[in-house]
Amino acid sequence: MNIELFIQRAEALHKQLADLYQTASVLPWIPPDLLPQAFKELYSNSKLVQMAAEELYHQNEELIQTRSLLEAERQHYHDLFEFAPDGYLVTNAEGIIQEANLTAAKLFNAPKHILVDRSIINFIRLEERESFHCELNQLFQTDKAKKLIVRLHQFNGESFDALLTISVVRNQNGKIKSLHWLLSHINENQQQSLGLVNHENYLSQNRPVYVYEKGENIPLNPLVIWYVRQGLVKLSTFCETGEEVLMGLAKTHMVFGSSMTNLPIYQATALSEVELVSINFAEIAVSQMLSHTLLPKINQQLQQKESFLVIAGRRKVEDRLYHLLQFLKQEIGEPTKEGTRLSVRFTHEDIASACCTTRVTITRLMGKLQQQGLISFDSKKHMILHKRLEDRE
């Protein structure tokens, strides 16, 4: 019932009871002691109803004012959410979008209602989803706001680099209630200044990936640098006698290319199944972040070549072999109970070329090390370097 109508009826009832009581009180032929007690109670209670109605009216007015203030406050925060310069999403713990503002809709190039009830994972590249899940799991453990750079897909098929700031909201029992996502478009310079670039993912993004089987020669183009996404590549040259000389190893996350050497003959061979990413020099020239990312990798390759030069410069073959094994241990070693296992098999020819000696000499020296218990081989013919080898020098 309307509060004002209730008050009007309460006042009318009170007036009728007052008139009736007044009339009954003044009639000469009705003795006062005959006036019903119930009638007096009824009149008294009607006054209480009238007072309660008036109090209720004032409270209702205050509630209306409070509701108006709350509505204005709600609209204020809604506008802040809706028209924020950055995209804003609210999802459940599984990443299902529950709310999205206009900026987020513009970033995804879609109406807001289409975003709702979709998983944010659907907008992330397939190859990045596994690492993205790992980042979220870490967030669930710490509850600290996390910043990530990911490449998101729009509804029209285009993509863009986005900076995500993710926060966890929990209920009173500590259970995750929702995730709040702040997202904005970010360019290369901004990524670099924030120090949030995942350089390995960045080098693989939107570039073709080539797979080569173990033993295959990898084509070299002076206009291209190869980035090793997975696997191991042997880099070698040939001397005047036709013998192969090992010049370096390009392992996962390293780079190589014919443009990085002045040798007239340069060869790259897959020592395992490898995945390579092709990066054109023209792209490096126009991208500051790309050149900044590749510089330490090129420097890593140069330092490795220096290590091979030092090994080759030692007078005794035994010393060359020892330092080569220590180098391989550091580069491709895997700890085991017996010692350090080399993850790739090397032939005696490979080791001989790196040590600038003959295969026969290496075979003899390797047999000697094996007899001394300094090295051994597992069932797959992978060399294991024992801890005693480190004390040889």
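Everything below is about the structure printed above this text.
All values derive from a computational prediction rather than experimental measurement.

Draft legend 1. Spotlight on the overall build of the protein chain. Within the protein chain one finds 12 helices and 16 strands. For the protein chain, buried positions account for 38% of its 393 residues. Surface accessibility of the protein chain: about 23,400 Å² in total, with carbon and sulfur atoms responsible for 53%.

Draft legend 2. A look at the sheet that holds strand E13 (residues 333–335). If you trace the four strands from one edge of the open sheet to the other, you get E13-E14-E16-E15, paired in antiparallel fashion. Bordering the open sheet on either side are E13 and strand E15 (375–377), each of which pairs with just one other strand. For this sheet, the mean angle separating the axes of adjacent strands, direction not counted, is 30 degrees. Looking at chain direction, strand E14 (residues 340–342) and strand E16 (residues 383–385) are connected through two bridges and run antiparallel. Within E16, the residue paired with Arg-341 across the bridge is Ile-384.

Draft legend 3. Spatial organisation of the packing of helix H11 (residues 348–355) against helix H12 (residues 359–371). Closest axis-to-axis distance for the H11/H12 pair is 8 Å, and the angle between their directions is 105 degrees. Classified by the angle their axes make, H11 and H12 are roughly perpendicular. Where H11 approaches H12, its residues His-348, Glu-349, Ile-351, Ala-352 and Cys-355 are matched on the opposing element by Arg-359, Ile-362, Thr-363 and Met-366. Taken together, the residues of the contact of H11 with H12 sort by class into five nonpolar, two polar and two charged.

Draft legend 4. Structural view of H11. Of all eight residues making up H11, six are buried, and the element is well covered by its neighbours. Within H11, the full set of buried residues consists of Asp-350, Ile-351, Ala-352, Ser-353, Ala-354 and Cys-355. The positive-phi residue at the C-terminal boundary of H11 is Cys-356, with phi of around 55 degrees.

Draft legend 5. Summary view of the packing of aromatic side chains. Within this structure, the stated rule accounts for six aromatic pairs. An angle of 70 degrees between the planes, with centres 4.9 Å apart, marks the rings of Phe-308 and Phe-327 as edge-to-face. Here the residue Phe-308 occupies a position in helix H9 (residues 288–313), and Phe-327 occupies one in helix H10 (residues 317–332), the gap between them amounting to 19 residues. The buried category is assigned to Phe-308, whose relative accessible area is 6%.

Draft legend 6. Structural view of the pairing of strand E1 (residues 87–91). For E1, a buried count of four out of five residues is recorded, marking the element as mostly surrounded by other parts of the structure. The pairing of E1 with strand E2 (residues 97–100) spans three bridges and is antiparallel. By the bridge assignment for E2, Thr-91 is matched with Ile-97. Here E1 hands over to E2 after five residues, with Gly-95 in that stretch at a positive phi of 85 degrees.

Draft legend 7. Looking closely at the pairing of strand E3 (residues 146–153). Within E3, six of the eight residues are buried, which leaves it mostly tucked inside the rest of the structure. One ladder, built from eight bridges, connects E3 with strand E4 (residues 159–170); its direction is antiparallel. Bridge pairing in E4 places Val-150 opposite Ala-162. From the end of E3 to the start of E4, which pair antiparallel, there are five residues, and Gly-157 there has a positive phi angle of about 95 degrees.

Draft legend 8. Looking closely at the sheet that holds E4. A sheet is described by the order of its strands in space; here five strands give the open sequence E2-E1-E5-E4-E3, paired in antiparallel fashion. Each edge of the open sheet carries a strand with a single partner, namely E2 and E3. With direction set aside, neighbouring strand axes in the sheet form an average angle of 30 degrees.

Draft legend 9. Highlighting the nonpolar core. Core analysis: the biggest nonpolar cluster contains 28 residues, and Leu-249, Leu-321, Leu-324, Leu-328, Phe-346, Ile-351 and Met-383 have the highest contact counts within it. Excluding residues within four positions of it along the chain, Met-383 makes contact with Leu-325, Thr-340, Arg-341, Leu-342, Ile-351, Met-366, Ile-375, Ser-376 and Phe-377. Membership of the second largest hydrophobic core comes to 26 residues, among which are Leu-152, Phe-160, Ala-162 and Leu-179.

Draft legend 10. Region of interest: the packing of H10 against H12. Here H10 crosses H12 at 70 degrees, and the two axes come no closer than 11 Å. If you check the angle between H10 and H12, you find them roughly perpendicular. Here H10 and H12 pass one another in a crossing that is right-handed. Contacts between H10 and H12 involve Val-317, Glu-318, Leu-321 and Leu-325 on the former and, on the latter, Thr-361, Ile-362, Leu-365, Met-366 and Leu-369.

Calculation criteria
Residues numbered from 1 in each chain as written. Predicted model: local features only at pLDDT ≥ 70, side-chain atom pairs only at ≥ 80, totals over all residues. Heavy atoms only, no water. Helix = DSSP H or I, 4+ residues; strand = E, 2+ residues; numbered from the N terminus. Buried < 20%, exposed > 50% of the residue type's maximum accessible area, 1.4 Å probe, protein only. Areas by Shrake-Rupley, 256 points an atom, 1.4 Å probe, with all protein chains shown as cover. Pairing = 2+ DSSP bridges. Axes fitted to C-alpha atoms, helices over the stretch in contact; angles between N-to-C directions. Parallel < 35°, antiparallel > 145°, perpendicular 65-115°, else oblique. Contact = heavy atoms within 4.5 Å. Nonpolar A, V, L, I, M, F, W, Y, C, P; charged D, E, K, R; others polar. Phe/Tyr/Trp six-rings, centres within 6.5 Å; stacked < 30°, edge-to-face > 60°. Core = buried A, V, L, I, M, F, W, Y, C linked by side-chain atoms within 4.5 Å. Left-handed = near helix turned anticlockwise from the far one by under 90°.

Everything listed is a geometric property; what it means functionally is a separate question.
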